[in-house]
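# Observations on the model geometry
Here is how the chains run, residue by residue.
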Protein chains: 2
Amino acid sequence: MKRSELIENIRRKGSFLCVGLDTDPLKIPAHIAGMPDPIFRFNKAIIDATAPYCVAYKPNMAFYESFGAMGWDALERTIAYIRQNYPDQFIIADAKRGDIGNTSKLYARSFFEHLDVDAITVAPYMGQDSVTPFLGYEGKWVILLALTSNKGSHDFQLIKDQSGTPLFESVINTSSQWAGPEEMMYVVGATQGRMFEEIRRVAPHSFLLVPGVGAQGGSLEDVCRYGLTDDCGLLVNSSRGIIYASSGEDFAQAATAEACKLRDQMSEILKAANII
Amino acid sequence: MKRSELIENIRRKGSFLCVGLDTDPLKIPAHIAGMPDPIFRFNKAIIDATAPYCVAYKPNMAFYESFGAMGWDALERTIAYIRQNYPDQFIIADAKRGDIGNTSKLYARSFFEHLDVDAITVAPYMGQDSVTPFLGYEGKWVILLALTSNKGSHDFQLIKDQSGTPLFESVINTSSQWAGPEEMMYVVGATQGRMFEEIRRVAPHSFLLVPGVGAQGGSLEDVCRYGLTDDCGLLVNSSRGIIYASSGEDFAQAATAEACKLRDQMSEILKAANII
């Protein structure tokens, strides 16, 4: 999906919500867990319940991999289901991959050709030749980890170099020479608050994928106060807060309600900023 | 597998060779590629051909993932085959994972419980809570990326902080507070030459997993000159140089010959250092 289409979808829907499909069979409602094909069945219900209120889905690979071949199969069918029924959704494989060139090339083939997602999250530690194999696919995106939402983000990402630049800023500066904001986004955790101001100084136009609202404690208002650009520039993810909003038979309605609530808040923010 | 067992295997076999199972159906011999179940069939032949000369196998996840559910299935059977027939082999999933705590926990479950490998490679960028969920499994290991073999390793891993410490050294220093050399190793590329001296200053006892000998141009002699410890402390990986030594029907014999040649060089090195 092109940047212009993504922005158009955000404007049309009044939403920059990404729903994280972190589907854990131990957490899905008991009546679904007991049926055949529970992962796909749960995902399908969540997708049908939330599609009008979001612009993106983000399956987290760990949840599918933890079920081996069966999990992969459920993921493949989930992606095909979204593509077929909701072709305006942006699909992000949250994979945090990154390896030497010939291996990253294979990951790119796997995610962009085989699974056919729009974007993949990539870890920057191994540098340029671990990232560039994911670039150059028409309409496909790299979402590079910059400043993540977890406590461990402080261990290395904030280390300042000899000119006082923290590592996450070096990652943005250096990687912006590999690709522009038409094919590269950055992961910045919602828990990072004022750091969004800093990020916008070095990445004024890039889309940011923002996890950490909800269960991890980040605030939508704070993220938007410092992170919003003229054409939105944000995809804010919520996983557990939506997909596990209820553990009963009403889980899909509860997911609709949570997604709708976030969409309403986002619409207000977009209106206030004259983006819609 | 415990550290003492790994060292015992190295001494008994006179080898610290790890064979990288980077199985690419486009590169395996035509007569195998045309048969049913080519990935597992190729792996089985390579394993039977090399097991006497190596102490570890390292399937690279990218190669299996690029075939989706079918690839995962072939990988699961490959690991089961090694476990059943060569229980003294140390199995490393080269996955370079690392995510927020609850996700890393799932990856750990996936790799250590479901796939039942001995070790997984982990990327350090997200810090402590992305790494520690992989720790605490009896006999299982984290192999953390420190200084990788690729050109892009220079982009971020060598950035010096305000006290002059390069990032890869901070990764080793900080992570050594999370786990000792009984359950954590580091990836250091064979292409890094003299840097092994530096690494041994900060990680004197840790095992190092060393990719990059062979196709990537690293030298076994250089690695050992600076990297060898009293109980070896090295697992040197070769992938393409062994598994694609011949593209003909003699591929298994050619793999034996290459693995045997490396084992002989390693035996000489171990003898010269009075380790065997």
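See the structure shown above.
A brief structural summary. Bear in mind the structure is a predicted one, so any value in this text is a computation, not a measurement.

Residues Phe16(A), Phe90(A), Leu235(A), Phe16(B), Phe90(B) and Leu235(B) are the most contacted members of the largest nonpolar core, which totals 208 residues. If near-sequence neighbours (up to four positions away) are discounted, Phe16(A) is found in contact with Ile10(A), Val55(A), Leu220(A), Cys224(A), Cys232(A), Leu234(A), Leu235(A), Val236(A), Met266(A) and Leu270(A).

This part covers the packing of helix H5 (residues 68-85) of chain A against helix H5 (residues 68-85) of chain B. At a minimum axis separation of 8 Å, H5(A) and H5(B) run at an interaxial angle of 175 degrees. The angle between H5(A) and H5(B) falls in the class roughly antiparallel. Only Gly68(B), Ala69(B), Trp72(B), Asp73(B) and Glu76(B) of H5(B) make contact with H5(A), whose side of the interface consists of Gly68(A), Ala69(A), Trp72(A), Asp73(A) and Glu76(A). Partitioning the contact of H5(A) with H5(B) into residue classes produces four nonpolar, two polar and four charged.

Of the transformation superimposing chain B on chain A, the axial component is 0.0 Å and the angular component is 180 degrees, with the fit at an RMSD of 0.0 Å. Both copies of the chain, as the preceding transformation shows, are related through a two-fold rotation axis. Taken as a fraction of all interface residues of chain B, those also at the interface in chain A reach 100%, which identifies the copy contact as same-surface.

This part is about helix H11 (residues 220-227) of chain A. Residue and element names in this part refer to chain A. Burial in H11 covers these residues: Leu220, Val223, Cys224 and Gly227. Axial view of H11: buried residues confined to an arc of 90 degrees, hence all on one face. Looking at the buried positions of H11, the neighbouring elements they touch are helix H10 (195-202), strand S7 (208-210), strand S8 (234-238) and helix H13 (251-272).

Both the distance between ring centres and the angle between the ring planes are used here to describe each pair of aromatic rings. Residue and element names in this part refer to chain A. Applying the stated criterion across every chain yields a total of 18 aromatic pairs over all chains. Considering the side-chain rings of Tyr81 and Tyr86, the 6.4 Å spacing of their centres and the 65 degrees angle between planes classify their relative orientation as edge-to-face. Looking at Tyr81, the relative accessible area reads 14%, which means it is buried. Ring-pair connections join several aromatic residues into one group, and the members of that group are Phe40, Tyr81 and Tyr86. The lysine or arginine in question, Arg77, covers the ring of Phe40, its NZ or CZ lying 4.9 Å from the ring centre.

With 59 residues of chain B in contact, the opposing surface of chain A contributes 59 residues. For the pair chain B and chain A, the interface holds four salt bridges. With a shortest N-O distance of 2.8 Å, Glu65(B) and Arg97(A) are connected by a salt bridge. Here chain B is connected to chain A by 28 residue pairs in polar contact (both at pLDDT 80 or more). Top element by residues in the side of chain B that touches chain A is helix H6 (residues 101-114) of chain B. It accounts for eight residues.

Basis of the calculations
Residues numbered from 1 in each chain as written. Chains lettered and ligands numbered in written order. Predicted model: local features only at pLDDT ≥ 70, side-chain atom pairs only at ≥ 80, totals over all residues. Heavy atoms only, no water. Core = buried A, V, L, I, M, F, W, Y, C linked by side-chain atoms within 4.5 Å. Buried < 20%, exposed > 50% of the residue type's maximum accessible area, 1.4 Å probe, protein only. Contact = heavy atoms within 4.5 Å. Axes fitted to C-alpha atoms, helices over the stretch in contact; angles between N-to-C directions. Helix = DSSP H or I, 4+ residues; strand = E, 2+ residues; numbered from the N terminus. Parallel < 35°, antiparallel > 145°, perpendicular 65-115°, else oblique. Nonpolar A, V, L, I, M, F, W, Y, C, P; charged D, E, K, R; others polar. Least-squares fit on C-alpha atoms with pLDDT ≥ 70 in both. Arc of directions from axis to C-beta. Phe/Tyr/Trp six-rings, centres within 6.5 Å; stacked < 30°, edge-to-face > 60°. Lys NZ or Arg CZ within 6 Å of the ring centre and 35° of its normal. Salt bridge = Lys/Arg side-chain N within 4 Å of Asp/Glu carboxyl O. Polar contact = N/O pair within 3.5 Å; in protein donor to acceptor, adjacent residues only side chain to side chain.

Read these as geometric descriptors, not functional statements.
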